[in-house]
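Coordinate inspection notes
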Amino acid sequence: MLAAMIKTALVCFLVQSTGSLALGAACWDERLTGAGRNSTCTALQPFFMFGHGKSIHRMGLDGKNHRRLAAGMGSSILLDFHFREERLYWADRRTGVIYKASVQGAHRQKLYSSDKHISGLAVDWMGNSIYWTSSRKGEIKKMDINGKTERTISRNLSQPSFINVDPSHRFLFWVSGGTASEIHRSDLAGQRKMTVIKIAEPPKALSIDREDRRLFWVQFGLQGESSIASCDYSGNSLHIMDLPLQ
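Model, not experiment: these values are computed from the prediction. (Residues numbered from 1 in each chain as written. Predicted model: local features only at pLDDT ≥ 70, side-chain atom pairs only at ≥ 80, totals over all residues. Heavy atoms only, no water.)

**Some thoughts on the nonpolar core**
How we decide: Within this scheme, the nonpolar core is defined by two criteria: the residues are buried Ala, Val, Leu, Ile, Met, Phe, Trp, Tyr or Cys, and they are joined through side-chain atoms within 4.5 Å. The buried label goes to any residue with under 20% of its type's maximum accessible area, the exposed label to any with over 50%, and the partly exposed label to all in between, with areas taken from a 1.4 Å probe on protein chains only. Secondary structure is summarised from DSSP: a helix means a run of H or I of at least four residues, a strand means a run of E of at least two, and numbering begins at the N terminus for each.
Counting residues in hydrophobic clusters, the biggest one holds 17 residues, and the most contacted among them are Met49, Ile56, Met73, Phe81, Leu88 and Trp90. When contributions to this core are tallied by element, the ones reaching two or more residues are strand S4 (47-52), strand S6 (67-70), strand S7 (77-82), strand S8 (87-92) and strand S9 (97-102). Core analysis: the second largest hydrophobic core is formed by 14 residues, Phe171, Ile197, Ile199 and Ala229 among them.

**With respect to the side chain of asparagine 164**
Where we set the bar: Pairs of N or O atoms within 3.5 Å make up the polar contacts considered here, provided that, within protein, one atom can donate a hydrogen while the other can accept it, and that residues adjacent in sequence are counted only when both atoms are side-chain atoms. We call two residues in contact when some of their heavy atoms are within 4.5 Å.
Relative to the helices and strands, asparagine 164 is located in strand S15 (residues 161-166). A polar contact is formed between the side chain of asparagine 164 and the backbone oxygen of leucine 206, at a distance of 3.0 Å. When residues no more than four places from it in sequence are discounted, the contact partners of asparagine 164 are Ala122, Phe171, Leu172, Phe173, Leu206, Ser207 and Ile208.

**Quick word on the environment of serine 154**
Within the secondary structure, serine 154 sits in strand S14 (residues 151-154). The sequence separation of serine 154 and glutamate 139 amounts to 15 residues, and the corresponding C-alpha distance is 5.4 Å. The contacts of serine 154, once residues within four sequence positions are left out, are Gly138, Glu139, Ile140, Gly190 and Lys193. A distance of 3.4 Å separates a polar side-chain atom of serine 154 from the backbone oxygen of glycine 190. There is a polar contact of 3.5 Å between the side chain of serine 154 and the side chain of lysine 193.

**A short note on the packing of aromatic side chains**
What counts here: Aromatic rings from Phe, Tyr and Trp, taking only the six-membered ring of Trp, are treated as a pair when their centres fall within 6.5 Å; an angle between ring planes under 30 degrees marks them as stacked, one over 60 as edge-to-face, and anything in between as tilted. Look at NZ for Lys and CZ for Arg. If either is within 6 Å of the ring centre and within 35 degrees of the ring normal, a charge sits over the ring.
Counted under the stated rule, the structure contains seven aromatic pairs. Summarising the aromatic geometry, the rings of phenylalanine 171 and phenylalanine 173 are spaced 6.0 Å apart at their centres and angled 65° between planes, so their arrangement reads as edge-to-face. By the burial criterion, phenylalanine 171 is buried, and phenylalanine 173 matches it. Between the aromatic rings of phenylalanine 173 and tyrosine 233, the centroid separation amounts to 4.6 Å while the plane-to-plane angle is 50°, which identifies the pairing as tilted. Within this pair, whereas phenylalanine 173 is found in strand S16 (residues 171-176), its partner tyrosine 233 is found in the loop between strand S21 (226-232) and strand S22 (239-242), the two being separated by 60 residues in sequence. Taken together through their ring pairs, the aromatic side chains of Phe81, Phe83 and Trp125 make up a single cluster. A cation sits over an aromatic face here: arginine 185 above phenylalanine 171, 4.2 Å from the ring centre.

Structure (structure tokens):
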């Protein structure tokens, strides 16, 4: 159960200090309240968003205020979140369709029908772009948040999956499969590629800590032993935490 939660959970840390804003300014991961020179950024409470069964749920970090945001999503989805718009974006891996919907539970909108081999999805909430990986085609694709201007930015990759984006530092990260498992990095145009770290066993999930510039992934050994591993954006400062997962 915990393993499934780690694979599908998206932790949204939205707490920032509140302060006055100049006219015309906007908030990054806070809610803009007031008007004109009296506008301020009001910090939102942290919360989890996760896929469970065929639904997407939201829950406070204390386990309270749990509610279902969307239902009938399919049994295998990839999920990300647009901080500024407060919108969910997800891909149904079975059908290859990408959707979006408000966290307030508004009607979902179909954005794009892709192939049926989507293996990762990431939302750039600063550049208003969506990235996804196709494991079978070995590609990373990109489009805007309205489903337009779709294009391929990287080709000839080895089974890419679990893509993540850091818009602040303008990096993409993803896992490659095949004969060797590696975590790779590029810029947001798919250029300046580099191997961050080589991993003995294929990761089951990849996430990033944008504040501390670290990568986290779940890995399983040959005997079924499990752990959560972490390194910095350059593959240094490796730390492995043994954690039995059921």
